[in-house]
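So you can see what is in the structure, the chains are spelled out below.
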Amino acid sequence: MYVYDALDRRFVAARVEQFRDQVARRLSGELSEEQFRPLRLMNGVYLQLHSYMLRVAIPYGTLSSRQLRTLARIARTHDKGYGHFTTRQNIQFNWPSLEMIPDILAELAEVEMHAIQTSGNCIRSITADHLAGAAPDEVVDPRPYAEILRQWSSVHPEFSWLPRKFKIAITGAPQDRAAIRVHDIGLQVVKRDDGEVGFTVHVGGGLGRSPFLAWTLRDFLPEKHLLAYVEAILRVYNLYGRRDNKYKARIKILMHEAGFATVRDEVEAEFERIRDGALELPAADVARIARQFALPPLAARPAASPREDAAKAADPAFARFVATNVTPHKVAGHASVTISLKPIGGVPGDATAEAMELVADLAERYGHGEIRVSHRQNLILPHVARDDLPEIHAALVAAGLATANAGLVSDTITCPGLDFCALANARSIPVAKDIARRFADPARAAEIGPLDVKISGCINACAHHHVGAIGILGVDRKGEEFYQLTLGGSSGEDAALGDSAGPGFPPERVADAVETVVSTYLAHRTAPHETFLATWRRVGLAPFKEALAHVGR
Amino acid sequence: MQVVTANRLIDGRVVFRDAAGRWCEAFAAAAALEAAATTQAVAESARDVAARLIVDPYAVDVVATPAGLTPTSMRERIRAGGPTSGSEVAAPRLDRAA
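Residues numbered from 1 in each chain as written. Chains lettered and ligands numbered in written order. Predicted model: local features only at pLDDT ≥ 70, side-chain atom pairs only at ≥ 80, totals over all residues. Heavy atoms only, no water.

This part covers the overall build of chain B. Counting secondary structure elements, chain B contains 2 helices and 5 strands. Taken over C-alpha atoms, the radius of gyration comes to 13 Å for chain B, in line with the 13 Å a tight globule of 98 residues would show. Each principal axis of the C-alpha distribution contributes one length, and for chain B these read about 35 × 35 × 20 Å. Partitioning the contacts of chain B with sequence separation of at least 6, the portion at a separation of at least 24 is 52%. (Helix = DSSP H or I, 4+ residues; strand = E, 2+ residues; numbered from the N terminus. Rg over C-alpha atoms; globule rule 2.2 N^0.38 Å. Contact = heavy atoms within 4.5 Å.)

Set out below in structure tokens:
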């Protein structure tokens, strides 16, 4: 894992003291709320419905056991005993007191964490494939590049006051687990036949009230030009992006209004001007940072684990857990384990301090002290031996953390919604709980198979509902909560925006509507392995719309 | 009828203005006001903004129900009562005067 150097440490420590001073000046009255708001937002501090909320960056979704224990301690000391993992691989604390936030940031700095650029109109914390470094289909580990981008973008003087926020996601695998096509910049690390490493560069994706899938600006950008090219994109956006209307200020709107070719030509012209200059990435620096992300020493093991097989034969619950929550690893005899934060009836993405500590312990004992946060709001032990799966599962069962639903209907992506968020129009969490309870039966959930349900409580689409196979959007209809469905979306390499499934539903009918969609899929699929999206693409909207017409509204 | 609400500066908690002009966490303590009195109460709240007790005071529509006053909008009902579905819902709310 990446370890801060002296410069990183000084930078983060200085930022803590700067914010401590800003909070003191706010509390003394020297700063008004209007003056303080942009300063607190630059440090991840929001004022939500019930309290301040602190959003802490987990760069590229990678955590150590030590860091996770610190998050647990903060949850216990400064919150109500839990934290909330988000779709951007961050953690949010819902109940901190403003006067304590500088101390929280100081605690975070001790374990090389911070809340810098988790909010505000700047380049936000960079997200990555949660299986980076572990997945068998990965070509190159994207995290060294994410770290390079983090260093380049941290308080970048030119890009600290952009027209609007700017999100970058990166993957090094052909299977897109990082939703790169719905980010302002989506990068895929690729390797050419001649062995040269570079990037496919996607630009202008985004959801919210105007959803767009990204345009591909470059099929292959050589590694050494990463920063110059990204800087050129940001510079063109900063210059031409709209500042007159916050709803039209993202780069996707610039791409849409000015046209792909115009933006590409501007970016290429700026890139030509600045390439081969100070931003050229020296191969030695890339190698130095990449070494910090080296795979832990995983002992060679046989591909099959007799211990795992025996446990599967003896315990159907373990067998189900392996089928859903365990994915293959690039090293034989190893696996990545998803710890679902979607217990049936629980709050999606929430983890108690005790749960975080248990996961930290398991990571230390079985997984080389490494944990990942996925944009699907789950935790992952990326590097474990298959022989250890029975013990890991038993410990998770004892802690109530063994829900075998990764990727299934009840593994929803869910924003905090109107229960917490000042922007929301409708609640998300109760809807997610209803759906999870409806599909709680493991046998039925397994029969249905992978199906992603994404629930946003407003048009800002934090839960990515447009790219859910089943997307649910909460709206306010004459003072009442109301939920609209979109179908057929995907955030993967086959990215697609969902189609509206017609008029919406009151809260108590949403689970019925989802059930109807699922039944329609099961009735139309040609075989159990035909995915929802494959069926959807074959039969289209009509049968779903027809079936939904019979759900009460 | 309306009540006046804000968030407390130091910890962000939701507070309501009572009949004596104090800020309380309990919605039940809020003073229910007619339009003219609401305008005056919001105006007076500016003093408490300047005094660094609260941020962003505003008026909320409420209606009388058999169970007492309740905000008309879902958003304000959730602000008044706390999250309906969060992990902490079972936990007691602490009351602390501003």
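Once you've had a look at it, read on.
Moving on, we get to the domain arrangement of chain A. Residue and element names in this part refer to chain A. Domain assignment breaks chain A into domain 1 (6-110), domain 2 (134-291), domain 3 (306-398) and domain 4 (413-548). One C-alpha centre belongs to domain 1, the other to domain 3; they are set 28 Å apart. Opposite the 21 residues of domain 1 that make contact, domain 3 presents 24 residues. Between domain 1 and domain 3 lies a buried interface of about 1900 Å² when both sides are counted; carbon and sulfur atoms form 54% of it. A per-residue breakdown of the area domain 1 buries against domain 3 is headed by Leu68, Arg69 and Phe85, which together make up 30% of the total. On inspection of domain 1 and its partner domain 3, the count reaches 4 salt bridges. (Domains from an automatic or database assignment. Buried area = accessible area lost by both parts, 1.4 Å probe. Salt bridge = Lys/Arg side-chain N within 4 Å of Asp/Glu carboxyl O.)

Residues and elements named next belong to chain A. If you walk through the whole model with that rule in mind, you get 14 aromatic pairs over all chains. Between tryptophan 536 and phenylalanine 544, the ring centres sit 5.6 Å apart and the planes meet at 50°, which makes this aromatic pair tilted. With relative accessibility at 1%, the residue phenylalanine 544 sits in the buried group. Each member of the aromatic cluster is reached from another via a ring pair, and the members are Tyr2, Tyr4, Tyr60 and Phe293. When the ring centre of phenylalanine 482 is taken as reference, the NZ or CZ atom of arginine 477 above it lies at 3.6 Å. (Phe/Tyr/Trp six-rings, centres within 6.5 Å; stacked < 30°, edge-to-face > 60°. Buried < 20%, exposed > 50% of the residue type's maximum accessible area, 1.4 Å probe, protein only. Lys NZ or Arg CZ within 6 Å of the ring centre and 35° of its normal.)

It is worth spelling out helix H2 (residues 33-41) of chain A at this point. Along an α-helix, residues three or four apart share an orientation, since each turn contains 3.6 residues. Residues of H2(A) that are buried: A:Glu33, A:Phe36, A:Arg40 and A:Leu41. The buried residues of H2(A) occupy one face: seen down the axis, they fall within an arc of 125°. The inward-facing, buried residues of H2(A) abut helix H1 (6-28) and strand S1 (45-47) of chain A together with strand S4 (54-65) of chain B. (Arc of directions from axis to C-beta.)

Bringing the interface of chain B and chain A into the picture now. Taken residue by residue, the interface counts 22 residues in chain B and 30 residues in chain A. Buried area between chain B and chain A, summed over both chains or domains, comes out near 2400 Å², and the portion from carbon and sulfur atoms is 55%. Looking only at chain B, the three residues that lose the most surface to chain A are B:Leu9, B:Ile10 and B:Ser85, adding up to 22% of its buried area. Applying the counting rule to chain B against chain A returns 0 salt bridges. For the pair chain B and chain A, the interface holds 14 residue pairs in polar contact (both at pLDDT 80 or more). For the side of chain B that touches chain A, the residue count by class is 7 nonpolar, 7 polar and 8 charged. (Polar contact = N/O pair within 3.5 Å; in protein donor to acceptor, adjacent residues only side chain to side chain. Nonpolar A, V, L, I, M, F, W, Y, C, P; charged D, E, K, R; others polar.)

Okay, the sheet that holds strand S19 (residues 480-487) of chain A next. All names here are of chain A. Pairing in this open sheet of 5 strands is mixed, and the strands run S16-S17-S18-S19-S20 from one edge to the other. Each edge of the sheet is formed by a strand with only one pairing partner; in this case those strands are strand S16 (413-414) and strand S20 (499-500). Pairing analysis gives 4 bridges linking strand S17 (residues 453-456) to strand S18 (residues 470-477), with the strands arranged parallel. Counterpart to lysine 454 in the pairing with S18 is glycine 471. (Pairing = 2+ DSSP bridges.)

To continue, consider the sheet that holds strand S5 (residues 68-71) of chain B. The 5 strands are arranged S3-S2-S1-S4-S5 (chain B) in an open sheet whose pairing can be described as antiparallel. The open sheet terminates on both sides in strands that have one partner only, identified here as strand S3 (23-24) and S5 of chain B.

Residue and element names in this part refer to chain A. As for its position among the elements, threonine 118 is in the loop between helix H4 (101-110) and strand S6 (127-128). Considered as a pair, threonine 118 and asparagine 43 are 75 residues apart in the sequence and their alpha carbons are 6.8 Å apart. The contact partners of threonine 118, leaving out residues within four places of it in the chain, are Asn43, Gly44, Tyr46, Arg55, Val56, Ala57, Asn90 and Arg124.

Okay, the pattern of salt bridges next. Once their charged atoms are close, side chains differing in charge can pair, the charge on each being opposite to the other. All names here are of chain A. Scanning the entire structure with this criterion turns up 54 salt bridges over all chains. A salt bridge links arginine 40 to glutamate 33, with the nearest nitrogen and oxygen atoms 3.0 Å apart. Of the two residues, arginine 40 and glutamate 33, neither departs from the other in class, the shared state being buried. Note that aspartate 387 and arginine 301 form a salt bridge whose closest N and O atoms lie 2.9 Å from each other. Pair noted here: aspartate 387 is in the loop between strand S15 (379-385) and helix H13 (389-398) and arginine 301 is in the loop between helix H9 (283-291) and helix H10 (306-314), with a separation of 86 residues, a long-range link. What emerges from the salt-bridge pattern is a single network uniting Glu158, Glu231, Arg235, Glu270 and Arg273.

Once that is clear, we can look at the state of the cysteines. Residue and element names in this part refer to chain A. Counted by the stated rule, this structure contains 0 disulfides over all chains. Free of any disulfide, cysteine 458 has its nearest cysteine sulfur in cysteine 421, 6.0 Å distant. We classify cysteine 458 as buried; its relative accessible area is 9%. (Disulfide = S-S within 2.5 Å.)

With that settled, consider the pairing of strand S2 (residues 52-56) of chain A. Residue and element names in this part refer to chain A. Across the 5 residues of S2, 5 count as buried, placing the element largely inside the fold. Residues of S2 alternate between two faces, with Tyr52, Leu54 and Val56 on one and Met53 and Arg55 on the opposite face, all of them buried. Summarising the sheet, S1 and S2 pair through 3 bridges and their orientation is antiparallel. Within S2, the residue paired with valine 45 across the bridge is leucine 54. As paired strands, S2 and strand S5 (residues 91-93) are joined by 3 bridges and run antiparallel to one another. Each residue of the ladder has a partner; that of valine 56, found in S5, is isoleucine 91.

This brings us to the environment of A:His465. Residues and elements named next belong to chain A. One can find histidine 465 in the loop between S17 and S18. Residues histidine 465 and phenylalanine 439, spaced 26 residues apart in sequence, show a C-alpha to C-alpha distance of 19 Å. For histidine 465, the residues in contact, after removing those within four places along its chain, are Lys454, Ser456, Cys458, Gly471, Ile472, Leu473 and Thr486. Separated by 2.9 Å, the side chains of histidine 465 and serine 456 make a polar contact.

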